[in-house]
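Below, each chain spelled out in residue letters.
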Amino acid sequence: MTQKIEPQPGILDIAPYQGGASKVAGVSDVVKLSSNENPYGPGDAAIKAYRDASHNLHRYPSTDHAELRAAIAEVHGLEADRIICGVGSDEILTLLAQAYAGPGDEVLFTEHGFGLYKINAQAVGAIPVEVAERERITDVEALIGAMTERTRLVFIANPNNPTGTMIGANEVARLADSLPPKALLVLDGAYAEYVEGHDGGAGLIDSRENVVMTRTFSKIYGLGGLRIGWGYGPAHVIDVLNRIRGPFNLSSGALAAATAAVRDRDHVQKSRRENTRLRAWLAEALAELGVPSDSSCGNFLLARFASEEEAIACDLYLKSQGLIVRPVGSYKLPHCLRITIGDESSCRRIAHAVGQFKGGAR
Ligand SMILES: *Cc1c(COP(=O)(O)O)cnc(C)c1O
């Protein structure tokens, strides 16, 4: 008889991450608004760089990502030596958990925080600690109250996904100033580019030894399929992460595309402008139909329904119309649907379909 071999503690407690759906059986003209992707895709410069890189696919990629780090540093006014690039910001978040948390350690994140924080904590056998939000907004007081001497990591997304809400720089600074001695604050800036003038917390990092920021090419840059993200932090943290990072974690095509993308500020600006305009339009259209949402700082809206039943029924109706949005029951928001801001026609289709649903056309 063979005995089942057990994995490390915590791993079997993990509820696997669910990605956004992309298909509806029997419906061909679908619009995917379930993964906060940029509806305009990547910019032309990124596509060209990716194509050009195809001529050198026999070569191993750079291990130090020097060109990409230099481009990021130049565009954002950061120190290239304190940037680390990863397979999506997911990899940076995972490396942080691997490096800084283990059995008996506590990892804090907020009630409606991004699902990966908990998975990362469990994967390293640490104790996931979920902290209440205040009306779907990160509650700094509650986070400070939950900190102990066993706290090693505090993850917040700002703006947060799936709520779309964000807290101000003063509050983030207060959180950083309240960290216990062994804890790192991780500022997940996946949606930072959607907020005009927001540095994702970079300014805070330069004056502290215990704050790290993660960023991604998956959202406003439209490169989710290539898997590229980066982190910025104190030199000692970046050094630690580089020791455990795979030497060839990013492919040459991904590096080339990201290097071109970060310099293509027109594409970022255009994407942000359209998102801001259409987000305001859709939020108002839905509110008029009796579906409110918090004022969102990301490229999505968290639409609130009267009940879980109504949210499920609306999701089904939207699907029947070829519109795929994201139910967020796993984020403790069963009465809500997260809707990515698509292009103009997608936003109009959403507003129209929710209107039909609310009008009883089911
Ligand atoms: C989409 C998202 C990410 C990005 O993940 P990648 O691995 O960079 O694609 C990170 N954090 C949050 C909160 C997100 O919504």
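Residues numbered from 1 in each chain as written. Predicted model: local features only at pLDDT ≥ 70, side-chain atom pairs only at ≥ 80, totals over all residues. Heavy atoms only, no water.

Notes on the domain arrangement of the protein chain
- Looking at the protein chain, the domain boundaries give domain 1 (17–41 + 266–361) and domain 2 (44–263).
- Contacts between the two partners involve 24 residues from domain 1, matched on the other side by 25 residues from domain 2.
- The junction of domain 1 with domain 2 conceals about 2200 Å² of combined surface from both sides, 59% of it contributed by carbon and sulfur atoms.
- The three residues of domain 1 that bury the most area against domain 2 are Arg272, Cys297 and Tyr331, which together make up 28% of that side's buried surface.
- Summed over the shared surface of domain 1 and domain 2, the number is three salt bridges.
- The partner of Asp294 in a salt bridge is Arg136, with the nearest N and O atoms 2.6 Å apart.
- Along the contact surface separating domain 1 from domain 2 lie ten residue pairs in polar contact (both at pLDDT 80 or more).
- Secondary-structure elements contributing two or more residues to the side of domain 1 that touches domain 2 are helix H10 (265–288), strand E9 (300–304) and strand E12 (333–340).
- Ranked by residues supplied to the side of domain 1 that touches domain 2, first place goes to H10 with five residues.
- Among the residues forming the side of domain 1 that touches domain 2, the class breakdown is eight nonpolar, eleven polar and five charged. (Domains from an automatic or database assignment. Contact = heavy atoms within 4.5 Å. Buried area = accessible area lost by both parts, 1.4 Å probe. Salt bridge = Lys/Arg side-chain N within 4 Å of Asp/Glu carboxyl O. Polar contact = N/O pair within 3.5 Å; in protein donor to acceptor, adjacent residues only side chain to side chain. Helix = DSSP H or I, 4+ residues; strand = E, 2+ residues; numbered from the N terminus. Nonpolar A, V, L, I, M, F, W, Y, C, P; charged D, E, K, R; others polar.)

Re the layout of surface pockets
- Here the largest pocket is characterised by a volume of approximately 590 Å³.
- Considering the residues around the largest pocket, the lining is formed by 30 residues, among which Pro16, Gln18, Gly115, Ser330 and Tyr331 are closest to the centre.
- Listing elements by their share of the lining of the largest pocket, those giving two or more residues are strand E3 (106–110), helix H4 (115–123), helix H11 (308–320) and strand E11 (326–328).
- Top contributing element to the lining of the largest pocket by residue count: H4, with four residues.
- Class assignment of the residues belonging to the lining of the largest pocket gives a composition of twelve nonpolar, ten polar and eight charged. (1 Å grid on protein atoms, 1.4 Å probe; cavity = no way out; pocket = protein on both sides within 12 Å on 5 of 7 lines; lining within 4 Å. Points joined across faces, edges and corners; volume = space filled by probe spheres on them.)

Some details on the pattern of salt bridges
- By the definition in use, this model includes 23 salt bridges.
- Taking the shortest distance from any N to any O, the salt bridge between Glu37 and Lys32 comes out at 2.8 Å.
- A relative accessible area of 35% places Glu37 in the partly exposed class.
- Across the salt bridge formed by Asp206 and Arg82, the nearest N and O atoms sit 2.9 Å from each other. Placement of Asp206 in helix H7 (residues 202–206) and of Arg82 in the loop between helix H2 (66–76) and strand E2 (83–86) is noted, with a sequence separation of 124 residues between them.
- Each of Glu274, Arg277, Glu344 and Arg348 takes part in salt bridges that share partners, so that together they form one network. (Buried < 20%, exposed > 50% of the residue type's maximum accessible area, 1.4 Å probe, protein only.)

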